[in-house]
Structures are given as C-alpha cells and as structure tokens.
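Residues per chain are reported as follows:
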Amino acid sequence: MKKRLLIFLLGVFSFFTVSAQQTQIKGSVKDAVSFEPIPDVSVSVEGTTLSTTTNAKGEFVFVSNIPLGEQILTISKIGYISKRFPIVVNENQTVDISDMTLEADLAANQDVFTISLSDDELDDDTSASDNISGLLSSSLDVFQRTAAFEFSPSFFRVRGLDSENGSILINGIEMNKLYNGRPQWSNWGGLNDVVRNQELTSGLTPSNYNFGGILGTTNINVRASQARPGGRVTYSSSNRSYTNRLMATYATGLIEGGWAFTVSIARRWGNEGYLDASLYDSNSFFASIEKKINDKHSINFTSIYAPNRRGKSSPNTQEVYDLKGIQYNEYWGYLDGEKKNSRIKEVEEPILMLNHYWTISDKTSLNTNVGYQFGKLGNSRLDYSGGGNPSPSYYQDLPSYALADPDGPDYATAYQLEQNFLNDGQIDWERILDANLTNNIGALPAAYVLYEDRSDDKQLTLNTILSSELTDNIILNASVNYKKLKSENFGEIIDVLGSSTGALNVDSFDGYQYDNLNPDRLVGEGDKFRYNYNLFADVISGYAQGQFKFNKIDFYLSGSVTNTTYQREGLWEHSRFPGSDSYGKGEELTFTGYGAKAGFTYKITGKHLFDVNAGYISRAPTLRNTFSNSRENHNIVRDITEEKVTSFDASYIFRSPIVKAKLTGFYTTIEDANEVGFYYADGLSGTEIENNETSAFVQEVLQGIDKRHIGAELGIEAQVTPTIKLKGAASVGQYTYDNNPNLYLTSSSFTSEDGSISYGQANLKDYKLAGGPQRAYSVGFEYRDPDYWWFGATANFFSHTYVDINTLTRTSNFYLDSDGLPFNDYDEELANELLKQERFDDYMVVNLIGGKSWKIGNKYISLFASIGNLLDKEYKTGGFEQGRLANYRELRDDVASPKRVFGPKYWYGRGTNYFVNLNFRF
C-alpha cells in the first residue's frame, strides 16, 4: 500500500521533481548546558529561501538547491540567544555542522511566555479567552504572541473564533472536550514547567499529529527524555486570580539504563483575587517516566492530577456596577465572619497516558498512544425552591424596581433599596439558615439547599500517528484515532444548610416530578437532585497528509474523515415527558464529517514569502448543541446536521536580520451551526403555555446558524539596536451572523406534545457576533541589557466590542401580543432603535514587564514582574442582553424607565494588577 501511494504521489507531482543532488548541509542543535537536543529550532541560510526546523532529535538537513561558497547559517528559538555560523559549501560535498549549541537567554526569562497569564483567563466560563491557540506557547510568530499575552485579558478571540476551532494535544492525545469542543485548561493548570515544550501550528498550516482545526494545533510534549535536565523552584505572587503560587520541578533527562524521570508539584491559593470572594485553591501533580528499550523503541507513562476549586464571579447590570464598583461579586456573603461564595467551580479530572515511540527507520516513525481521563466537574449554586430569591442583586431589591413603579417613580423606596444595597448587597447566609430551621419545626422540606451541577466523565482515547519521509522532498503524516466517552450528568446536594428533612425533588415552578418513578422523594447531602442522565459518544477518525518541500515552493495536501455517534440515557423519568420520552436510552445519532485542506508557501526571495491556505471541514455538532434539553428528555435539535466550515487565508511574510513582519488576510464561514441556551423569559406569545402564562424557564434553540469572519492580522518587530526591539500587532475583523436562523423554545411549562413553541426566523443577519473586541492594536518595545536585566512596555487599543443580543426579541414574538396578534401600538422606528446592538466604548490598556537574571556557576536566578492596566482603565469586556424582556412593550417600557430594571449584564476587565515571579533553576 505504501509503495502504491508513493508511486501515485510522485506521479502527480513529478513536475516538481529535481535530479538528486549530493550537495547538502546537515547538523544538529543542543543545549549549551545540558547538551540535550533542542527541537523546533529555526535554521536558515541567510540571503536564501532555505529554512527549516530541527526535529525531536535536534537534527536538520538541507538537500535541494543549496548555494555554493561562503554562507551564513542562522539558528534561533524563543528563550535562547540566536547564533550565526559561517560555513563553506562545496559542490557534491556534505557540510556537517553537528552539535551546534544555543545558550539560554537569561534576559529573555522564558517564564514571561507562560506565567503572565492568570488562570481565570485560561478557563473562563464564558470561553471568551480560552481560544488563543498559542496560549502557553513560545511561538516565534509576533502576532500569536501578542494575541496570547497582550490581547487575552480583554477576552480577545483570534479571528473571532471559539477555542473549539483549535486542537490542544498532550503527547499526541487530543484534550478538547467532546461536550463543548473546548480544552479544559485547568486539567493541567500550575504545571508550567513541564508544559513549556510545545509544537504549534497556526491556522490551517499542517500539523504532524492531526488534521487540526482552523485555529491550528498545539501539541504539548511531556516526554521525560525530552525535558530539560535539572530542577526548578518558583514562587509567584499576584492579585489576579490567585495570590500565591509555589512550584517545584525536577527532570533527570535520559540516564543510565535508558530511563528518564520528570516530576512536578505546584500549589496555587488565595482567599480572593482581583474580584471579591474569588477564592482559589489548587494543587497540581505531574509524573512522567520513560524507558528507552533500544534505539528503535521507547515507552513513556505520564500522569497528571490537578484538582482545583475557584470562586466564580457574577456579571452585573450597569446599575449594580455604578453602586458597588467593578470588583463587586453577588455570589457571596458572610458566614461566621468569613466570605462564603455560593458559586464554586471544582475540577478534578486526572489524566493517564501511555505512549509508545517506534523509530522504524531513519525516515519513518510510529507513535501509538493510549489515554484515559476520568473524574468530575462541578459548579455549585443555591436552590431556593421553598424560599425567595437569595440573590442580593435580585431586580426587586434594586432602586430601579421602585423607580419603574407603574404608578410613577417611588423615590422613597428607591432610596431605601439603594442604601440597603450599598451597606450590604451580599448573600444573607444567616437568613437562609433561619428559613431552613423554621421549616424544620413544621417538618417541611428545605427552603434552600446548596447543590452542584455535575459532569463525571470517563473517556478512553486511542491513536496511532505515522510520520514518514518518503523522499528528500516528501513527508507523509497519517493517524487513526478513537474516542469513547461516558458522561454522567446529575445534580447533587452538597449542603442542606441546616435542614433536617432535606429537599423535595419536585419542580417547584410547575409541580413536575424530576424522578417520576420515585415521586415526592426527599433528598439530602450526597443525593442526586433535579436531573440524572448519561451521555455517550464514540468518535473514530483518520487523516492523511502529504508535505512537499522544494527550493522555491513548499505545499501540502491533507484529508480527514470522522464518524461520530451520540446517545442519551435517562436514568430518571421526568413526569412532563413520561416513559421513553425521557427514561432509558434514546435515539442513537450518527454524524459523518469530512475535511480537506491545502496550502503552499512560495519563496519569492530569502526575505519575501507568500503563504496561502484553504480548507473545508464538515463536523458533528458538539454534545452540548445536539440535545435541546438533555436534563429532561431525549429530544434532539430539529433538522440537526453536520456543521460546515470553510476557511481561507493568505499571508505576505518579510524577514531580515532586523525586521520580521507578517500580514495576513482571512475569510471564514461557518454554516448549519446550532446553539442551545437556557434562561427565564418574560413576555412570551402563544397559547401553548401552562395556565396561559407569558413567562417560563426556557431552552432556546437556534438552528441552522451561518456566521462570517473576515479580517486581517499584522505582526511586526524590529531589532533597531542590539538592545532595543520595537514591536507591533493589529487585528482588524468583522464577525457577523450571515443568515436568519430558525428559533424555537422548549420548556416543561409548554403544553405542546414535545414541549416546544416555534417562533420562526430570527432576524440576525449582519448583527455582530459577541466575544471580545473585533479590532485590537498593540505597539511596544523591549530593552534587554547585556547585564541580563530587561524591561518592556506595550500600549494596547481595543474597539468594536458588542453586547450579545437576545435573539428571541429578533423574532415574531417581539411584535406579537399574548393572543398571537400584533401589538396595536407597535412603532417600527422605535422598535428598530430598541433592537440596535450596543457597542462598547473603545479603550486603551498599558502594560509593563521587566526582569533580571543572575547566573551563579551553572545555576540561575530569575526575577520577573508585570503590571497590567497601569492606568487603571475601566472597560467592558463582554455582556449580554437579558432574556426577560421578550416583546416590544416590555422592552420599550423598561428603556423608558429612569433606570433600566432588566438592562444588559456586563463583565468588566481588571483594573491595575500585578504579577511577580522568582525562579531558581539548578
């Protein structure tokens, strides 16, 4: 088969074939201290188009169209001091320049590329910031670095895309979650020392490990034999997400007997970061053991365990921020003199992986991997089925509610509510406990309980990755992957808050039984609550890729196929959806996805390059967006099909010893996407609502969404003197809805047979997609002194950030009364103004960084510090329109009030913040 494939490829691309040449340049690059090979070092011949990178063994080779005579070989990598080597090339001879060395750039302080990001930026719940494919990477691309380390605190999305469009791998095993397609960064949080060895491809450019997404692939290499030998101890202090961090790591490198060991432990903690009561409690453990059996076979075992808990923070209306400031968080209150946060995110998902590396020949290798991940992900919240809403910023407890009194503004009550909120404005835990103690007297169920939304996943991943150098010009990559997931989803009571009877497992709003086979059951701590079901997923995929490298042009072709199967199993019967509608196993869904991409790099001269990439991907929807209400029934999204992604980009690249620049234009469309959201809606039209109500807790299903992402990126840096570097980056984009998708709601409060009401088309075309600024610019400089101290500053400008719109108000429901007829006082001009999408103010953020390093013998001490938002600028990073005002009259009246009751809720960025890091390496 391999022989036939080779003949085919050579036949198709024979016009590129050149006669074999004996003139070649080969060599290897090693660390100056440890003498270990350094992978991914950029190697180029100055003044020519010849450029490559070292492989895992630190080796490289040039074999085609090599210029004769005196030449300069340049080697460089982030975190090392670049070097230039003079060589002489003679015809039909080999220049062997093995064991070149690179010294660590102490002034660069490699930690700057891993520690300046805080963990809530990495695993933020809104996924507004976890999509930087270059996060934690030491990419040489100026724009990628700027996006990761300057733009990310403003929740910037590269090309306006979610992180599900990029792949994160550890030792070749994909870490993206099947539930939502996104990586769970906190699963390896705190392990910066051992995840710094990364191979990054951006956009559609080819990866040696998988087909990848349109944001690229990052493979984190944690092989014990490839870790830098020695130890490292680090202490950090910050006011961002945690206040303290302590890390310790030691790696042996490859030692006698063919063994290699790496261990790392870390702890991050703090009662609160920049936002009130945002506690952080995290421990991280890592161990990697490798046995080199012989020159052809090596086995590596890795275990990662990084349990973490952190207090979440609330989005708030502008009214709340105006009263309490941008650090306000409604989720906490004092209990026994300490801040207790009701919303805790807890992640405890260990990772085990076994990797076999087989060097079949000097040209071919096979990497086979087995990964298993299990554990829990929980998000706690208060249930108040027997009491009043405990939120301290509940709309009826704010001044705006009194000012919106139908009989006219009630200023006295508004003032009293304002003073109450200013003087307290936090959860009243004592009142909650008193309510439960009172219910105990009458043997009544708990008025309040603290429960957790849980997902307990067990996922097995198997894959094998082939890489073969078929000829000096052709590389073949291929892999086969299999994933099997069982996801247990349930609510679990974690604290009955003083109740002696427990909670009643019944929907207090509609009276439905959550567990109809065990009606009116009282549940206590550790019991399942509200919902209980399993999700199953099986995914098998494969890809093949050819990379062709020649003197003037490099190009690649890649294709993939994926088969995905989903199924839901209800462990409880919901009384609104009895029998097989909610209980037992539902329909098995199968999706088939295909991918194809191609691209080329044309080397105009050694300084000027032109790069083009294009791809088409059809892919299964995520589990999250497949079932319309998986907590209650088996129903799937109507007319569900594979998503289709088309992407194209073209880049001009300039590189010289002084200036490096890259200008990219991109165009991406996403078609047939689905989105499922959950909220409480007011002002619903239609006759199919329980008790003829106009309000319900609903699941909103947007079906058949098309999106368009178009824009340009620029990255440029200039080494104007040996000590001063200027740098700049820009991203100018327009990310919009590209059609009018269908919208329908589902709810247990709806009386239709399947519990849904259709509202037809949502008029979304040309509305802007929310998710950070669509335009971002950065200018800055770095000064690096020969005595190993350095500092830098950047000014970052952001604009065109938009609120996330309430799509229901863009349907017929907006102008229809509860009887299904249009409002008789509907004003189209006013309606257009009410539905105009809010654009946030433009803003600028100034950041400072600096450090100093010392070398004592063969040991190193490094100090790094950064100050974010030096000028303490207040700015909105995101927000969403509330779903309570679903029709024209309600929205009109709310906007006309002295203060909006249901205005949009926002997130603000941090004010001035700092990070300090002290590192000792031996």
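Conventions we followed
Residues numbered from 1 in each chain as written. Predicted model: local features only at pLDDT ≥ 70, side-chain atom pairs only at ≥ 80, totals over all residues. Heavy atoms only, no water. 1 Å grid on protein atoms, 1.4 Å probe; cavity = no way out; pocket = protein on both sides within 12 Å on 5 of 7 lines; lining within 4 Å. Points joined across faces, edges and corners; volume = space filled by probe spheres on them. Helix = DSSP H or I, 4+ residues; strand = E, 2+ residues; numbered from the N terminus. Nonpolar A, V, L, I, M, F, W, Y, C, P; charged D, E, K, R; others polar. Pairing = 2+ DSSP bridges. Axes fitted to C-alpha atoms, helices over the stretch in contact; angles between N-to-C directions. Patch = residues over 30% accessible without salt bridge, like charges linked within 9 Å, V, L, I, M, F, W, Y side chains within 5 Å. Areas by Shrake-Rupley, 256 points an atom, 1.4 Å probe, with all protein chains shown as cover. Salt bridge = Lys/Arg side-chain N within 4 Å of Asp/Glu carboxyl O. Lys, Arg positive; Asp, Glu negative; His and termini not counted. Charge placed at Lys NZ, Arg CZ, Asp CG, Glu CD. Buried < 20%, exposed > 50% of the residue type's maximum accessible area, 1.4 Å probe, protein only. Arc of directions from axis to C-beta. Contact = heavy atoms within 4.5 Å. Polar contact = N/O pair within 3.5 Å; in protein donor to acceptor, adjacent residues only side chain to side chain. Phe/Tyr/Trp six-rings, centres within 6.5 Å; stacked < 30°, edge-to-face > 60°. Core = buried A, V, L, I, M, F, W, Y, C linked by side-chain atoms within 4.5 Å. pLDDT = per-residue confidence, 0-100.

Asks: Looking at this model, I keep getting lost on empty space enclosed by the protein. Mind explaining?
Replies: One water molecule sets the probe size; rolling that probe over the atoms shows where empty space is left. As enumerated under the stated definition, the model contains ten cavities of 30 Å³ or more in all. The computed volume of the largest cavity comes to approximately 860 Å³. For the lining of the largest cavity, the secondary structure elements donating two or more residues are β8 (167-170), β9 (173-174), β24 (449-469), β25 (474-495), β28 (528-549), β29 (553-570), β31 (589-603) and β32 (608-619). Class assignment for the residues of the lining of the largest cavity results in 14 nonpolar, 21 polar and six charged. As a volume, the second largest cavity reaches approximately 210 Å³.

Asks: What is the right way to read the sheet that holds strand β4 (residues 59-62) from this model?
Replies: Strand pairing in a sheet is mediated by backbone hydrogen bonds. Such pairs are either parallel or antiparallel. The three strands are arranged β4-β1-β7 in an open sheet whose pairing can be described as mixed. The sheet is open, and its two edges are formed by β4 and β7 (94-102), each paired on a single side. Across the sheet, the axes of successive neighbouring strands diverge by a mean angle of 15°, strand direction being ignored. Relative to β4, strand β1 (residues 24-31) runs antiparallel, the two being bridged by four bridges. By the bridge assignment for β4, serine 28 is matched with glutamate 59.

Asks: How should a negative patch on the surface be read in this particular structure?
Replies: Taken together, the side chains of Asp336, Glu338, Asp424, Asp428, Glu430 and Asp434 define an acidic patch exposed on the protein surface. Its location among the elements puts aspartate 424 in the loop between α7 (411-423) and α8 (429-441).

Asks: Can you walk me through helix α10 (residues 888-896) in this structure?
Replies: In an α-helix there are 3.6 residues to a turn, and that puts residues three or four apart on one side. Where α10 is concerned, the buried positions are Tyr888, Leu891 and Asp894. Across the axial projection of α10, the buried residues extend over an arc of 140°, all falling on one side. On the buried face of α10, the contacting elements are α9 (828-834). The backbone nitrogen of arginine 889 lies 3.2 Å from a side-chain oxygen of the residue at the head of α10, namely asparagine 887.

Asks: Please clarify how the environment of glutamine 426 should be interpreted in this entry.
Replies: Inspection of the secondary structure assignment puts glutamine 426 in the loop between α7 and α8. Between the C-alpha atoms of glutamine 426 and serine 575, which are 149 residues apart in sequence, the distance is 36 Å. Those residues in contact with glutamine 426 that lie beyond four places of it in its chain are Lys324, Tyr328, Asn329, Glu330, Trp332, Gly333 and Pro392. Within the structure, the side chain of glutamine 426 is placed 3.1 Å from the backbone oxygen of asparagine 329, a separation counted as a polar contact. Polar contacts involving the side chain of glutamine 426 include one to the main-chain carbonyl oxygen of tryptophan 332, which spans 2.9 Å.

Asks: Sorry if this is basic, but what is going on with the pairing of strand β43 (residues 876-880) here?
Replies: Look at any regular strand and the pattern is simple: side chains alternate between the two faces of the sheet. Within β43, four of the five residues are buried, which leaves the element mostly enclosed by the surrounding structure. Both β43 and strand β44 (residues 905-908) contribute to a ladder of four bridges, which runs antiparallel. Note on β44: the bridge partner recorded for phenylalanine 880 is lysine 905.

Asks: Any chance you could explain the packing of aromatic side chains here in plain terms?
Replies: According to the stated counting rule, one finds 37 aromatic pairs in the structure shown. With a centroid separation of 5.5 Å and 70° between ring planes, the pair formed by tyrosine 328 and phenylalanine 421 is classed as edge-to-face. Taken as a pair, tyrosine 328 in the loop between α5 (318-324) and β19 (332-335) and phenylalanine 421 in helix α7 lie far apart in primary sequence, 93 residues in all. With respect to burial, tyrosine 328 and phenylalanine 421 carry one shared label: buried. A centroid spacing of 5.7 Å and a plane angle of 90° characterise the contact between phenylalanine 781 and phenylalanine 791, whose relative ring orientation is edge-to-face.

Asks: What's the story with the nonpolar core in this structure? I'm lost.
Replies: In summary, soluble globular proteins display a tendency toward joint burial of nonpolar side chains. Leu684, Val698, Leu745, Phe750 and Leu808 are the most contacted members of the largest nonpolar core, which totals 56 residues. Take this core: its biggest share by element is five residues, from strand β34 (residues 659-682). Leaving out residues up to four positions away in the same chain, leucine 684 has contacts with Ile689, Thr694, Ser695, Ala696, Val698, Leu745, Phe750, Tyr759, Leu808, Asn813 and Ser818. Core analysis: the next-biggest nonpolar cluster, separate from the first, contains 20 residues, Phe60, Ile66, Ile75 and Val95 among them.

Asks: What am I meant to see in the confidence of the model for the chain here?
Replies: Any segment with low pLDDT has predicted coordinates that should not be analysed in fine detail. When pLDDT is averaged along the chain, the result is 90, and 93% of the positions lie at 70 or above. No element of the chain has a lower mean pLDDT than helix α2 (residues 112-115), at 37, and none a higher one than strand β16 (residues 297-305), at 98. Predicted confidence for residues 108-138 stays below pLDDT 50, and this span has 117 contacts to residues more than four positions away or in other chains.

Asks: What am I meant to see in the side chain of glutamine 699 here?
Replies: Within the secondary structure, glutamine 699 sits in strand β35 (residues 695-719). Judged by relative accessible area, which is 3%, glutamine 699 ranks as buried. Side-chain polar atoms of glutamine 699 contact the side chain of asparagine 629, separated by 3.1 Å. Side-chain polar atoms of glutamine 699 contact the side chain of threonine 746, separated by 2.7 Å. Non-local contacts of glutamine 699, meaning those with residues more than four positions away in its chain, are made with Ser628, Asn629, Gly677, Phe678, Tyr744, Leu745, Thr746 and Ser747.

Asks: Would you mind going over the pattern of salt bridges with me for this structure?
Replies: This model, assessed by the stated rule, comprises 45 salt bridges. Put simply, aspartate 817 and arginine 889 hold a salt bridge, and the shortest N to O gap is 3.5 Å. Of the two residues, aspartate 817 sits in the loop between β40 (789-799) and α9 while arginine 889 sits in helix α10, which places them 72 residues apart along the sequence. Owing to a relative accessible area of 23%, aspartate 817 belongs among the partly exposed residues under this scheme. When its relative accessible area of 25% is taken as the criterion, arginine 889 is described as partly exposed. Taking the shortest distance from any N to any O, the salt bridge between aspartate 825 and arginine 892 comes out at 3.1 Å. With a gap of 67 residues between them, aspartate 825 in the loop between β40 and α9 and arginine 892 in helix α10 connect regions that are remote in the sequence. Relative accessible area serves as the criterion here: at 22%, arginine 892 is assigned to the partly exposed category. Taken together, the salt bridges that share partners define one network made up of Asp817, Asp825, Arg889, Arg892 and Asp893.

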